[in-house]
Amino acid sequence: MSAARDILVVEDEPLVAQAVAMVCGDEGMTVTAVDNAAEALRCLSEHHFRLVLCDIMMQGLDGFQLLAELARTGNPTPVVMMTGYSTVENAVKSLAAGAVDYIPKPFTADELLAVVRRSLRSSALLAAAESAGLERGGTLSFVPCPNHYLRLGCVSWALMEDEGTARIGVSDLFLKAVEGIRELELAEAGEDLAQGIPCAVATAPDGSQHGIMCPMSGKVLEVNEDLRSKPSLIEKDPYFKGWLYRILPSDPESNLQWLSL
Amino acid sequence: MLRRNIGFKLTFGVVLTVLLAIGIFAWFNIQSQSRSLLSEVGRHASQLSDAVKSDTEYDMLRNDRERIHESIRRIGQQESIDRVRVFNKSGEIIYSSEEPDIGTMVDKQAESCYRCHSAGEPLERLETQERTRIFQPGPDSPRLLGIINPIYNAPSCWSAACHAHPETQTVLGVLDVTIPLTEVDRNIRRSQLAAVALALAVILVLSLIVGLMVRGWIDRPVRELVAATRNVAGGNLAYRLTVKRDDELGLLANSFNNMTDKLAQARLQLFQSDKLASLGRLAAGVAHEINNPLTAVLTYSSYLMKRSQGRPETQKDLQVIVSETIRCREIVKNLLDFARQTVPKKRKADMNEIIGRAAKVIENQLALGRVRLDMELDPALPGVTVDANQMQQVFINLMVNAADAIGENEGAIKVTSKAISLHPAGVVQIKSAVCRKRHELVDRKFQVDTRPAVTLRFRKGEQTGLIHLNPIYGAEGHHLNDMPPLEDGVELVCPDCSTSLIAEGERCPQCGAPIYAFEVPLKGLVQGCLRDGCGWHRWEQVDSNWNDEFVEVRVEDNGCGIPKAQIPHLFEPFSTTKGPKGTGLGLAVSWGIVDNHNGTITVESEVGVGTSFVVRVPVQA
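Worth saying up front: this structure is predicted, and the values here are computed from it rather than measured.

Calculation rules
- Residues numbered from 1 in each chain as written.
- Chains lettered and ligands numbered in written order.
- Predicted model: local features only at pLDDT ≥ 70, side-chain atom pairs only at ≥ 80, totals over all residues.
- Helix = DSSP H or I, 4+ residues; strand = E, 2+ residues; numbered from the N terminus.
- Buried ≥ 20, exposed ≤ 12 C-beta atoms within 10 Å, placed from the backbone.
- Contact = placed C-beta atoms within 7 Å.
- Pairing = 2+ DSSP bridges.
- Axes fitted to C-alpha atoms, helices over the stretch in contact; angles between N-to-C directions.
- Parallel < 35°, antiparallel > 145°, perpendicular 65-115°, else oblique.
- Left-handed = near helix turned anticlockwise from the far one by under 90°.
- Nonpolar A, V, L, I, M, F, W, Y, C, P; charged D, E, K, R; others polar.
- pLDDT = per-residue confidence, 0-100.
- Expected span 1.5 Å × (residues − 1).
- Bend = angle between axes of the 7 residues up to and from the residue.
- Arc of directions from axis to C-beta.

Caption draft 1: Region of interest: the overall build of chain B. When you go through chain B residue by residue, the secondary structure sums to 12 helices and 20 strands. The buried share among the 621 residues of chain B stands at 29%. Put simply, 61% of the contacts in chain B that link residues at least 6 apart link residues at least 24 apart.

Caption draft 2: Expanded view of the pairing of strand 11 (residues 451–460) of chain B. Residue and element names in this part refer to chain B. Across 4 bridges, strand 10 (residues 442–448) lies against strand 11 in antiparallel orientation. When the bridges of strand 11 are listed, Val448 appears paired with Arg451. As judged from the 7 bridges shared by strand 11 and strand 12 (residues 463–469), these two strands associate in the antiparallel manner. Residue pairing in the sheet places Arg459 in a bridge with Thr464 of strand 12. From the end of strand 11 to the start of strand 12, which pair antiparallel, there are 2 residues, and Gly461 there has a positive phi angle of about 60°. Pairing between strand 11 and strand 13 (residues 491–493): 3 bridges, direction antiparallel. Bridge pairing in strand 13 links Arg457 to Val493.

Caption draft 3: Representation of the packing of helix 1 (residues 6–62) of chain B against helix 2 (residues 65–77) of chain B. All names here are of chain B. For the pair helix 1 and helix 2, the least separation of the axes is 9 Å and the interaxial angle reads 165°. The pairing of helix 1 with helix 2 is recorded here as roughly antiparallel in orientation. In the packing of helix 1 onto helix 2, the handedness of the crossing is right-handed. Counted together, Val52, Asp55, Thr56, Asp59 and Met60 of helix 1 and Arg67, Ile68, Ser71 and Ile75 of helix 2 form the full contact between these two elements.

Caption draft 4: Expanded view of the interface of chain A and chain B. Tallying the contact residues gives 24 residues for chain A and 26 residues for chain B. Mapped by element, the contributors of at least two residues to the side of chain A that touches chain B are helix 1 (14–26) and helix 5 (109–133) of chain A. The greatest single-element share of the side of chain A that touches chain B, amounting to 6 residues, is contributed by helix 1 of chain A. Here the side of chain A that touches chain B is composed, by residue class, of 14 nonpolar, 4 polar and 6 charged.

Caption draft 5: Region of interest: the confidence of the model for chain B. Overall, the predicted model of chain B reaches an average pLDDT of 81, with 88% of residues at or above 70. Among the scores for the predicted complex, ipTM is 0.84 and pTM is 0.47.

Caption draft 6: Representation of the sheet that holds strand 16 (residues 524–529) of chain B. Residues and elements named next belong to chain B. In spatial order, the strands read 14-15-16-17; together these 4 strands make up an open sheet with antiparallel pairing. Edge positions in the sheet fall to strand 14 (502–507) and strand 17 (537–538), since each has one partner strand and no second. By the bridge criterion, 6 bridges tie strand 15 (residues 514–520) to strand 16 in an arrangement that is antiparallel. Across the sheet, the residue bridging to Val520 is Gly524, located in strand 16.

Caption draft 7: Molecular detail of helix 1 of chain B. Residue and element names in this part refer to chain B. With 57 residues, helix 1 should reach 84 Å at 1.5 Å per residue; the first-to-last C-alpha distance of 83 Å fits that figure. Along helix 1, the sharpest kink reaches roughly 40°, centred on Thr56. Trailing helix 1 by a residue or two, Asn63 shows a phi angle of about 55°, which is positive.

Caption draft 8: Up close: the packing of helix 2 (residues 37–46) of chain A against helix 3 (residues 63–73) of chain A. Residues and elements named next belong to chain A. Closest axis-to-axis distance for the helix 2/helix 3 pair is 10 Å, and the angle between their directions is 25°. On the basis of their axis angle, the class for helix 2 and helix 3 is roughly parallel. For the crossing formed where helix 2 meets helix 3, the hand is right-handed. Residues Ala37, Ala40 and Leu41 of helix 2 lie in contact with helix 3, whose contacting residues are Gln65, Leu66 and Glu69. Class assignment of the residues belonging to the contact of helix 2 with helix 3 gives a composition of 4 nonpolar, 1 polar and 1 charged.

Caption draft 9: Molecular detail of the sheet that holds strand 4 (residues 79–84) of chain A. All names here are of chain A. The strand order 2-1-3-4-5 describes an open sheet built from 5 strands, whose pairing is parallel. Two strands bound the open sheet, and with one partner strand each, they are strand 2 (31–34) and strand 5 (101–105). Averaged over neighbouring strand pairs, the angle between their axes works out to 20° when direction is ignored. Here strand 1 (residues 5–10) pairs with strand 2 via 4 bridges, running parallel. If you follow Val9 over to strand 2, its bridge partner there is Ala33. Packing of helix 1 onto the sheet brings it into contact with strand 1, strand 2 and strand 3 (49–55), and relative to strand 2 it is tilted by some 175°. The strands touched by helix 4 (residues 88–96) within the sheet are strand 4 and strand 5, with strand 4 carrying the most contacts at an inclination of about 170°.

Caption draft 10: Highlighting helix 1 of chain A. Residue and element names in this part refer to chain A. Over its 13 residues, helix 1 runs 18 Å from end to end, which matches the ideal 18 Å to within 8%, given 1.5 Å per residue. For helix 1, the set of buried residues is Val16, Ala17, Ala19, Val20, Val23 and Cys24. Across the axial projection of helix 1, the buried residues extend over an arc of 165°, all falling on one side.

Structure below.
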């Protein structure tokens, strides 16, 4: 294996690949772009990358097959999927299949960078946790989701309640990856949320904006009003007092298959 | 055509029956009439013959043959008498009004003798009835009535001086008088003619009356039904019969309308879901295709914008590219949202500002034509909670449509905004409703006015069926599908679990009928009365907490207008009046957006005068 590179872009549209390379390259990251998944797998076997940005719909092998192949070979490189809104379901599926995050196309340079930085940080945190986890009881740099919480990738969680409602929130890993929250933009009660579509927008101290992917579709019954006055609450206690919404799930059965315990 | 006509058949049947009745009646009538006429003539003839007998009796006794001849001849000359004859026992004609007959013999088997002589031994006494006979001597001669009057022997006869007759003889001879029946026959013929005339008149009048009745009561409604059936078969499912009757044909027409309603609904649903499915596929395809180019544009432009921080001029221009590309992204997303029927991302916004932004986008397009854009925006408009991008899309769609309606001509688009207040009834749509066991009652399969209806089951004995309530709270136009009135002991239940949906122990405060009740999740109980013309309804949580503040935006043009027939389909996907110029999505998307904001969008239009679209959005979403 040769020296580590930062980002592998797997994208069959050359203009998009170029644009992504340009934006990331401008931030000092080294970028390799390939136009198909087979080529990407070869690159990944030869070089170490810190992050893969991968289109889902491609000729030949698609994004899912790439994820499956990485899982089979035990390659830990984090993958961020890029896909259009038309395939939000695909994005959610890819999170269940092992992708760490996804960015809906089309995106601006800032949105791209926000996702890339967040994913780099979260995978670094995860890697640290993994090595720390070897010695149980070691202090982690983030608090993992409680056992019975359902997770959408590493981003958000949902907790089914007895009344058939669900409480949803954001994972500590996500919060740590965005390095704190300066502002939090929340939906209103009565709004309908869709799984995989941002349900809140967090503004990090550096001004970057991060959409928090909703783990479950449904209607907002209640917003955690405490968060409006005190956004820091979410960082202090993301799994209990820092919940975002109580929702009435609209399609729990199909949503649940993409959530992991 | 005439032969197949049910009216003709019915008229024909009735007339035939009446004709038969009149015929039989007339026949018997004429029979009895001619019988009485003849018996009258017979009586008259008998009297006449008695008169002749007594007139000649004296001369007979005196045996004055000349005088008897003279008398008989004179009597026979009378117009009402054909002839008078007297013949003796052996059949020889002794006297006759017709001179040549005298001296000739009469065959005993002949007409006048037959009565008495047919029995071999001649009879000597006969009833008047039996003494008369009717006969026709030749085919062209009139019928005659003959009466024979036997001349019996009397003491004066055998004791007379002439000693012409022996005492032992009983019958001396026969006086035979014949009378022509010309007058009687004429009377009978007249009666027959009268009967025929009467029958004809009756047929005429009867067929006229029956025909008119059949035409009014059967023919016309049936013809209307046939026309309606053809119309519906031809695809015009909007065709309705006007029902003004309470008979079976009225019922049939009602049923027909009902059937057409259901057919139309089914077709609309099929159509809508078909359209939505293809729209979904199309949108996904378009979104996928357009995403990559948009990604390149957006990434490059936003990258350049970041890089051009020192050059505000360039940055401003790039900002336009970035924000417009983001708008494209939102449009693509909305298209998908529409296909997926998801809900907007609402933020506090100023409707006037949104209208202003929409106007800016199409300014250039308007300037190319000769269209003037007048804005009358209420500066005191309350803020609304809407998805600004989506609402902008709505106004752009409406203004572009308005400009297209004006076309090459000069014209004006007028956009007005104002705050209004609306009562919840007729505005709020029930999008979800549940029974006590939490089964969803809003069924997308059934629609009332293109909205998914609240569907309940009714039961009364064996009779059962679904009814579809208009999901607009307080609105009329439920599809009750022949449900008997609730006060007749009809059960109203959840179609899934048969839990009763009749409010127990409660009655309509207006008319006292039983009322239905179901729950809207998180929004409380909805109650209402289904009695025809009552329309009472209550939804406490909405009635009391209702914020009646709405923002109304009107987009009016003086363009070509929309034909009435197209208005019901205006908001359907792929319905376009612009031919190849339109995609047929604009108004469908707009409708979806406004609907997702719990608002309404309506249209009023008159061909050649103009069109106005009215968008109403609640201030509090």
